[in-house]
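# A structural walkthrough
The lines below spell out each chain.
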Amino acid sequence: MPTIIRLAGAGFAAALSLTAAATPAGATDLPGEARTATVISQRVVLTQAGNYPTEQNRYGVFSVSWRAFGTEDLAGPTHFTVDLPPGVTTGGAMFYSTPNDYTFTETVSPDGRHLEAVLSGNRRSGTEEFMKIPVVAEGAGPVTGAVTARVANANDTIPTGHVSTYLLGIGLLPPLIGSQPRIDDVSATTGPGAGGTPVTVTGVGMEGAMVLVGGVPAPGTCTDTACTVTTPGGSGSVAVTVVGPGGKVTAPAAFDYTGAPPPPPPAPSLSGLNTPSGPVGGGTAVIVTGDDLAGGTVSFGGRPATRHSCGPRLCTATAPAADQPGPVDVTVTTAGGTSGPVAFTYAP
């Protein structure tokens, strides 16, 4: 049977600290409170717009869009929720972003009013992406209520611009700041390495949050006062962290996996590079293709790429500098192992 975990606590949007850094390019596009902050390390800002259902047209398609800012890639899983008012439903989102150097998963509640999605991949500073959400309003008459979208990422260092509210028939409201989360109790702190343990985390400030167990998103849902999730597979003693629109908080006690962990995923395999050569000084943008690449890291001659992001069949990477001209092996490493190499040649 799957293990379910329930988290309890308050203000799961724990305050995020700012990291001293120069203001990045594009920071002038941030909201005022972010522009006046002295430092910005990583940041994601969310909004929404589109054709919402009306009394005359019961069908609509709106978009939830977000943009990454900062001095480096926005790393780690990014969690989205969209809540619809009574009488308005969706069958799911359509996500558009190229190249496909990421994984995107979504679930919709049985009543069609709550959507959760997770985007896993390193997002470049300045990257703007969106998902389209088709909706339908039941019955007849005015269509009212709020469409609320939320975003959360554990590495986001400024907890603003994460909650977007659109009042049907009125328009977009100013963005809200999520509550700081707090964990009061975790219902289970041990379970099999195969995963599947039900866990409830209780507290406050958890609306729109995700639960990370050992850094891996645990499937489930959160209300303001509790998250009910199921542990992913893992091994050893790992942290349980709630990441919400207002920040993150880690439970005092770790979760201990017992017994054997799940089998590792298949080892990655490579089929080629779109750009087989570049200058010895580095900086060449390369697309690596293959299979079973999701969540991988890319190396050139044993040196990590200066940036990378991997989906199941494609990685984007930037070649690091080399000591001298000549060919090197490019490999991708995942939890399943390290791929066989493909050649990249550094030119003088």
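Residues numbered from 1 in each chain as written. Predicted model: local features only at pLDDT ≥ 70, side-chain atom pairs only at ≥ 80, totals over all residues. Heavy atoms only, no water.

### As for the nonpolar core
This is how it is decided: Residues belong to a common nonpolar core when they are buried Ala, Val, Leu, Ile, Met, Phe, Trp, Tyr or Cys residues joined through side-chain atoms within 4.5 Å. Throughout, exposure labels follow a simple rule: accessible area from a 1.4 Å probe, protein chains only, divided by the maximum for the residue type, with under 20% read as buried, over 50% as exposed, and the rest as partly exposed. Numbered from the N terminus, helices here are DSSP runs of H or I no shorter than four residues, and strands are runs of E no shorter than two. Two residues qualify as a contact provided that any one of their heavy atoms is within 4.5 Å of a heavy atom in the partner residue.
The biggest cluster of nonpolar side chains holds 28 residues, and the ones touching the most others in it are Phe62, Val64, Trp66, Phe80, Val82, Met131 and Val147. Secondary-structure elements contributing two or more residues to this core are β2 (42-51), β3 (59-70), β4 (78-83), β8 (114-120), β9 (128-137) and β10 (146-153). When near neighbours in sequence (up to four residues on either side) are disregarded, Val82 contacts Phe62, Val64, Arg113, His114, Leu115, Met131, Ile133, Val147, Thr148 and Ala149. In this structure, Val186, Val213, Cys222 and Val249 belong to the second largest nonpolar core, which totals 20 residues.

### Digging into a nonpolar patch on the surface
Condition: Here the term patch refers to residues with relative accessible area over 30% and no salt bridge, with like charges joined within 9 Å and nonpolar side chains (Val, Leu, Ile, Met, Phe, Trp, Tyr) within 5 Å. Here the Shrake-Rupley method, with its probe set to 1.4 Å, supplies the accessible areas, and only the displayed protein chains count as covering residues. Any carboxyl oxygen of Asp or Glu within 4 Å of a side-chain nitrogen of Lys or Arg constitutes a salt bridge here.
A grouping of Val61, Met94, Tyr96 and Phe130 is seen on the molecular surface, where their side chains present a nonpolar patch of about 320 Å² in accessible area. Within the secondary structure, Tyr96 sits in strand β6 (residues 94-96). Look at Tyr96 and you get partly exposed, because its relative accessible area is 40%.

### Thoughts on the state of the cysteines
Applicable threshold: Cysteine sulfurs are considered disulfide-paired once they come within 2.5 Å of each other.
Evaluated as defined, the whole model comprises two disulfides. The disulfide that involves Cys222 links it to Cys227, with 2.1 Å between the sulfurs. Handedness of the Cys222-Cys227 disulfide follows from its S-S torsion of about 110°: it is right-handed. No difference in accessibility class separates Cys222 from Cys227, as the two residues are buried. Shown here is the disulfide that connects Cys310 with Cys315, its sulfur atoms set 2.1 Å apart. Residues Cys310 and Cys315 are joined by a disulfide whose S-S torsion is about 110°; by sign, that bridge is right-handed. An identical accessibility class is assigned to Cys310 and Cys315; each is buried.

### Brief notes about the pairing of strand β19 (residues 226-230)
For clarity, the threshold we go by: Only strands that DSSP links by at least two bridges are regarded as paired with each other.
Pairing analysis gives five bridges linking strand β15 (residues 198-204) to β19, with the strands arranged antiparallel. If you follow Thr202 over to β19, its bridge partner there is Ala226. Alignment of strand β18 (residues 220-222) against β19, held across three bridges, turns out to be antiparallel. Looking at β19, one finds that Cys222 is bridged to Cys227. Two successive antiparallel strands, β18 and β19, enclose a turn made up of three residues.

### So, the packing of aromatic side chains
Keep this limit in mind: Whether two aromatic rings pair depends on their centres lying within 6.5 Å, for rings of Phe, Tyr and Trp, where Trp uses its six-membered ring; planes under 30 degrees apart make the pair stacked, over 60 edge-to-face, and the rest tilted.
One pass over the full model with this rule turns up 10 aromatic pairs. Aromatic ring contacts, followed pair by pair, group Trp66, Phe80, Phe95, Tyr102 and Phe104 into a single cluster.

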